[in-house]
Amino acid sequence: MNVLEVKDLSFTYPGADVPALNHIDLNIPKGDFIAIVGNNGCGKSTFCKVLNGLIPHFITGEFEGAVSVGGVDTQTVEIGDLAKIVGYVYQDFENQIVRPTVLDDASYACMNYAMPDYLERGRQALKNCGLEGKDEEYIWQLSGGQTHLLALAGAVSLEPEVLILDEPIAQLDPRHADLIYGILKDLNERLGKTIIVIEHHTEYIADYCKHVVLLKEGHVEWMLPAKEALDKVEVLQASNVFPPQVTLAAYYLREQGRLERDFVLPATIPEGKEVFGKLDFANPGIYEKKSKGREVLVSFKNVSVSYRTVKGEPKKIYEGLDLSLYKGEKIALIGSNGAGKSTMMKLMTGLVKPNKGEIFLKGIPVHETKPEHLSKYVSMVYQNPEDMFIKDSIEADIAYAMQVRSVDGWKEKTEGLLERFRLKELKNRDGRLLSGGQMRRASLAIGIVLGPEILLLDEPTANLDIATRKEIMKTLKDMEDVTDTVLIATHDMQLVAEWAERIIVLYQGKVVADGSRNEIFGNQEVVEKAGIRPPEIFTMGKLLHKDAFCYTVEEFLQSFV
Amino acid sequence: MEKTMKKLSENILDKLSLDFLRNQVLKNAYGNDDTVIAKLDPRVLIVWYLFFGLVPWFSGNVLFLAGCFILVAATTILARVAGLVLFLFLLGVFSQTGYLFLVSLLFGGNAETVIPLLVLTLKVATVSLASITVFSGLDPDRLSNGLMWFGCPEKLSFSISYAYRMLPMLMEEFQNVLLSYRLRGKAPESSGFIGKVKYLIYEVQIIVQAFYPLMLNTAKRSRTTVEALEIRGYRYAAANKKVKKMKLSSLKVTYDDMLFLAVSFLWMAIVFVVISYI
């Protein structure tokens, strides 16, 4: 039985020339687990908003065709009735949470629809979403992953047949990402919910989804079983969807004629093991990136920091931290949420002062200098680029710091930066209104305006699709002549593996490992302790041969013949 | 003068940093949900407040006012109000009337001048402390439920509890935006008296400017929030009387509420007895 039936659906936003959705026909059977993939702007989010009735009831435009959900025509019933059939979790899920405490929020919709057992439903939803026992907690005490689960619980509480999630794991570390998908799987298998995710992470599609729908320019290109879909490497890449690394490796091997021609490409590591098992390890030498820094740029000496908390004792973040960062290093700071990554950056900018200990940056005592006086030497780009836009155009934003300091030739320099970061056409736009990738580029340009000695980046690739991530990585490489010392705090292990020369692993406020990528990813103990997930291809290589250290598909192809 | 200015700029800008303010506001809003006062029924507290927030204005009896003052001081302690709020309270009372009272005491004022000032000071202090007890002791969510029971519009009570949910996020974002200004802008030299004044003006300036990006960011967020409210049935609830009843059914007058009213009543009765004997 089909839970979703879409017939010849077209939708055009008011004022737009081209339709966002163009003659879509699609049937989704009950109990399916579907991934919708496609380019940015291919209509994924618009399509999902049609399914829950926001279009055409709340967002108007030219609507044609018919959509029925759970046997109900979305045009004829109200949003409220549809909400009980289709649950929706936004990409910016924190904005859909409106109540101050957890149980309150989980049961909010049920209360609004006057269900007498609303608290019980809220509790049950929390239980189904792995948030049992957090009923009375305040929203802001939750981690990012828990907040996402709460948004999910808010939707689940109405017991809808269909759940739609827009990019559920874009902002999460691997542990939380696994947790979310585990819960979705449970909802799908145990409670028979139909799950629809918009997803870029094809490894997760391979592990969890049953079908894949490819959207292209507003219409459905195809809907296929996940395994078959991921096999269509060329078609996917043309839509900026990147298959799992294991699949790509097998694809190239097949193309080069090193594997026989007719077999289905592997999508997961166990499948990969079967296919690659016949290959020999070529031992091409160990791919290694090592920092060559000698001159100390930043040093932490016996630094202790704690934060005031709303209740009870101050929270200790660091105790007796000793660390040196050298000039010219490319450093990745990794560790789970709350391990102290942001605090370390804030210490370097002079924003957070240590309770004890000293920090020197190029000999300047940071612990007793105002952040204003350090901004020439250290610059920080926040995780949320919106907070960097303080003027009404990105040109003005880039110029600002140079302008107020009357830097010679600031006009030309601004011009140059706009050019370098490919922002010229966008220079008069407000930063907030740009796309995710453009916003990141603009925030990076703003960050390096004063040519800082060290640049700190907080999660520069969070919330970006893989194509945009690749672009940001390229931008990072391009910036080398402006700022040679860069520190990135991130969960993105592909970025770490391809970019970093030195990796510092934080765990509960302590540096538990510090070294090159081989030293970190090759150290099983550290990987497990700090919850690090090496790139898939690295794990694949290691599984095939213990001496294999390959971080990219290319390196893998050279290592195994 | 220079010394006070120096102190002012140092204290307000460095010690009373935004981080500290944020912490105090959060402490006040979320940090005392387990106190005796926070557990009371909001309706009982609102009624209680109607008495202690209004009656003192109409009395000129020092003993009665002192009695009220002692009681509300006790409830303020029970509510574990954040330090900053108490500091602002003291500053407010002192700047309104307290300093006159002190001055007239110091410069040989007799009972005729001192007593009216004492009465005024007590009035202001009692009413302020009663307000602090109710509005900062009770969490805003419960307060808004209480207000709704008395017939305040649903929109008002939703706004209060939504503000309560957004506050920490907004403060953090404000801090970040402000930081962008601080790090990228050029602060004036802060040495010397003139420098301090200039620095102070600069800080106030960027605080005001930082509201502009904050508002735009909030507007951007609210796109999702508005859609989500629609899906989650906010509009339906407003039109459905049953929902209001369900919401308010969580309010219950308990033994503790009765005890609280009884103690307040008993205390005021003692005060009246004492007054009538004197």
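On a predicted model such as this, the values are computed, not experimentally measured, just so you know. (Residues numbered from 1 in each chain as written. Chains lettered and ligands numbered in written order. Predicted model: local features only at pLDDT ≥ 70, side-chain atom pairs only at ≥ 80, totals over all residues. Heavy atoms only, no water.)

Draft legend 1. Focus on the overall build of chain B. Along chain B, the regular secondary structure elements total twelve helices and zero strands. For chain B, the succession of helices and strands along the chain, N to C, is α-α-α-α-α-α-α-α-α-α-α-α. Taken over the C-alpha atoms alone, chain B extends approximately 70 × 60 × 25 Å along its principal axes. Expressed as a percentage of the 278 residues in chain B, the buried residues total 45%. A separation of at least 24 residues holds for 82% of the contacts in chain B among residues at least 6 apart in sequence. Accessible surface for chain B amounts to roughly 14,700 Å². Of this, 71% is attributable to carbon and sulfur atoms. Taken together, the 29 basic and 19 acidic charged side chains of chain B have centroids lying 4 Å from each other. (Helix = DSSP H or I, 4+ residues; strand = E, 2+ residues; numbered from the N terminus. Buried < 20%, exposed > 50% of the residue type's maximum accessible area, 1.4 Å probe, protein only. Contact = heavy atoms within 4.5 Å. Areas by Shrake-Rupley, 256 points an atom, 1.4 Å probe, with all protein chains shown as cover. Lys, Arg positive; Asp, Glu negative; His and termini not counted. Charge placed at Lys NZ, Arg CZ, Asp CG, Glu CD.)

Draft legend 2. Fine view of the packing of aromatic side chains. Counting across every chain of the model gives 30 aromatic pairs over all chains. Relative to tyrosine 181 of chain B, the ring of tyrosine 400 of chain A lies with its centre 6.4 Å away and its plane at 85 degrees, an arrangement referred to as edge-to-face. Of the two residues, tyrosine 400 of chain A sits in helix H16 (residues 394-404) while tyrosine 181 of chain B sits in helix H8 (residues 154-184), which places them in two different chains. Looking at tyrosine 400 of chain A, the relative accessible area reads 11%, which means it is buried. Judged by its relative accessible area of 2%, tyrosine 181 of chain B falls in the buried class. (Phe/Tyr/Trp six-rings, centres within 6.5 Å; stacked < 30°, edge-to-face > 60°.)

Draft legend 3. Highlighting the pattern of salt bridges. Residue and element names in this part refer to chain A. What the rule picks out here adds up to 36 salt bridges over all chains. One salt bridge in this structure joins arginine 190 and aspartate 186, with 2.9 Å as the shortest N-O distance. Note that arginine 190 and aspartate 186 are positioned in helix H8 (residues 174-190) at a spacing of four residues, about one turn of the helix. The salt bridge partner of glutamate 329 is arginine 502, with a shortest N-O separation of 2.9 Å. Linking glutamate 329 in the loop between strand E12 (315-326) and strand E13 (330-334) with arginine 502 in strand E19 (residues 502-507), this pair joins segments that are 173 residues apart in sequence. In this structure, glutamate 329 and arginine 502 share a single accessibility class: buried. It is possible to trace a salt-bridge network through shared partners that takes in Lys327, Lys362, Glu453 and Asp484. (Salt bridge = Lys/Arg side-chain N within 4 Å of Asp/Glu carboxyl O.)

Draft legend 4. Examining the nonpolar core more closely. By size, the foremost hydrophobic cluster in this structure holds 82 residues, and its most contacted members are Phe300 and Ile532 of chain A. Excluding its chain neighbours within four sequence positions, the residues that come into contact with phenylalanine 300 of chain A are Leu321, Asp322, Leu323, Met344, Leu347, Met348, Glu358 and Ile359 of chain A. The next biggest cluster of nonpolar side chains, apart from the first, holds 53 residues, and it includes Val3, Ile164 and Val220 of chain A together with Phe158 of chain B. (Core = buried A, V, L, I, M, F, W, Y, C linked by side-chain atoms within 4.5 Å.)

Draft legend 5. Region of interest: the interface of chain A and chain B. With 61 residues of chain A at the contact, the number on the chain B side is 59 residues. Carbon and sulfur atoms supply 54% of the area buried between chain A and chain B, which totals about 5,700 Å² over both sides. Among the residues of chain A in contact with chain B, Arg308, Glu372 and Ile390 of chain A are the three that bury the most area, contributing 11% of the side total. Applying the counting rule to chain A against chain B returns seven salt bridges. In this structure, glutamate 386 of chain A and lysine 220 of chain B form a salt bridge, with 2.6 Å as the shortest nitrogen-oxygen distance. Scanning the region where chain A abuts chain B turns up 35 residue pairs in polar contact (both at pLDDT 80 or more). Elements with a minimum of two residues in the side of chain A that touches chain B: helix H3 (79-83), helix H4 (102-106), helix H5 (108-112), helix H15 (371-374), H16 and helix H18 (436-447) of chain A. The class makeup of the residues in the side of chain A that touches chain B is 33 nonpolar, ten polar and 18 charged. (Buried area = accessible area lost by both parts, 1.4 Å probe. Polar contact = N/O pair within 3.5 Å; in protein donor to acceptor, adjacent residues only side chain to side chain. Nonpolar A, V, L, I, M, F, W, Y, C, P; charged D, E, K, R; others polar.)

Draft legend 6. Structural view of the domain arrangement of chain B. All names here are of chain B. Considered domain by domain, chain B is made up of domain 1 (1-29 + 146-239) and domain 2 (31-138 + 252-278). The centre of domain 1, based on its C-alpha atoms, is set 30 Å off from the matching centre of domain 2. Contact residues are listed per partner, giving twelve residues for domain 1 and twelve residues for domain 2. Here domain 1 meets domain 2 over a buried area of about 920 Å², counting both sides, of which 65% is carbon and sulfur. On the surface where domain 1 and domain 2 come into contact, there are zero residue pairs in polar contact (both at pLDDT 80 or more). Secondary structure elements with two or more residues in the side of domain 1 that touches domain 2: helix H2 (18-30) and helix H7 (140-149). No other element matches the seven residues that H2 contributes to the side of domain 1 that touches domain 2. Considering only residue class, the side of domain 1 that touches domain 2 consists of eight nonpolar, three polar and one charged. (Domains from an automatic or database assignment.)

Draft legend 7. Representation of the layout of surface pockets in the model. The calculated volume of the second largest pocket comes to roughly 980 Å³. What lines the second largest pocket is a set of 35 residues, and nearest its centre among them are Asp104 of chain A together with Asp141, Arg142, Asn145 and Ser250 of chain B. For the lining of the second largest pocket, the leading source of residues is H8 of chain B, giving five residues. Per-class residue counts for the lining of the second largest pocket are twelve nonpolar, eight polar and 15 charged. Counting the residues that make up the lining of the second largest pocket, at least three belong to each of domain 1 (1-29 + 146-239) and domain 2 (31-138 + 252-278) of chain B. (1 Å grid on protein atoms, 1.4 Å probe; cavity = no way out; pocket = protein on both sides within 12 Å on 5 of 7 lines; lining within 4 Å. Points joined across faces, edges and corners; volume = space filled by probe spheres on them.)

Draft legend 8. The arrangement of the state of the cysteines in detail. Residue and element names in this part refer to chain A. In the structure shown here, the tally under the stated rule is zero disulfides over all chains. Free cysteine: cysteine 110, not disulfide-bonded; nearest cysteine sulfur from cysteine 129 at 12 Å. On the basis of relative accessibility, which here comes to 0%, the residue cysteine 110 falls in the buried class. (Disulfide = S-S within 2.5 Å.)

Draft legend 9. How the structure looks around empty space enclosed by the protein. One pass over the structure, following the stated rule, counts four cavities of 30 Å³ or more. There is about 150 Å³ of room inside the largest cavity. Lining of the largest cavity is provided by 14 residues; of these, Ser379, Met380 and Gly447 of chain A together with Leu183 and Arg184 of chain B occupy positions nearest its centre. Where the lining of the largest cavity is concerned, the elements lending two or more residues are strand E16 (378-381) and H18 of chain A together with H8 of chain B. Looking at which element gives the most residues to the lining of the largest cavity, the answer is H8 of chain B, with four residues.

Draft legend 10. Structural view of a nonpolar patch on the surface. A cluster of nonpolar side chains, namely Phe94, Tyr99, Leu100, Leu102, Val103, Leu105, Leu106 and Phe107 of chain B, defines an oily patch on the protein surface of about 820 Å² accessible area. By the element assignment, phenylalanine 94 of chain B lies in helix H5 (residues 83-106). (Patch = residues over 30% accessible without salt bridge, like charges linked within 9 Å, V, L, I, M, F, W, Y side chains within 5 Å.)

Draft legend 11. Fine view of the sheet that holds strand E4 (residues 62-69) of chain A. Residue and element names in this part refer to chain A. Read from one edge to the other, the open sheet built from four strands follows the order E2-E1-E4-E5, with strand pairing classed as antiparallel. Looking along the sheet, the strands with just one partner apiece sit at the ends: strand E2 (21-29) and strand E5 (72-73). In terms of strand pairing, E4 meets E5 through two bridges, oriented antiparallel. Looking at the pairing, valine 69 lines up with valine 72 of E5. Here helix H1 (residues 44-51) sits on the sheet in contact with strand E1 (2-12), E2 and E4, set at roughly 120 degrees to E1. (Pairing = 2+ DSSP bridges. Axes fitted to C-alpha atoms, helices over the stretch in contact; angles between N-to-C directions.)

Draft legend 12. How the structure looks around unusual backbone geometry. Residues and elements named next belong to chain A. With an omega of 5 degrees, the peptide bond between isoleucine 55 and proline 56 qualifies as cis. Unlike most non-glycine residues, histidine 23 shows phi in positive territory, near 50 degrees. Following the sequence through the fold, histidine 23 ends up in strand E2. For asparagine 240, which is not a glycine, the phi torsion comes out positive at approximately 60 degrees. Relative to the assigned elements, asparagine 240 resides in the loop between helix H11 (233-238) and helix H12 (245-255). Judged by relative accessible area, which is 33%, asparagine 240 ranks as partly exposed.

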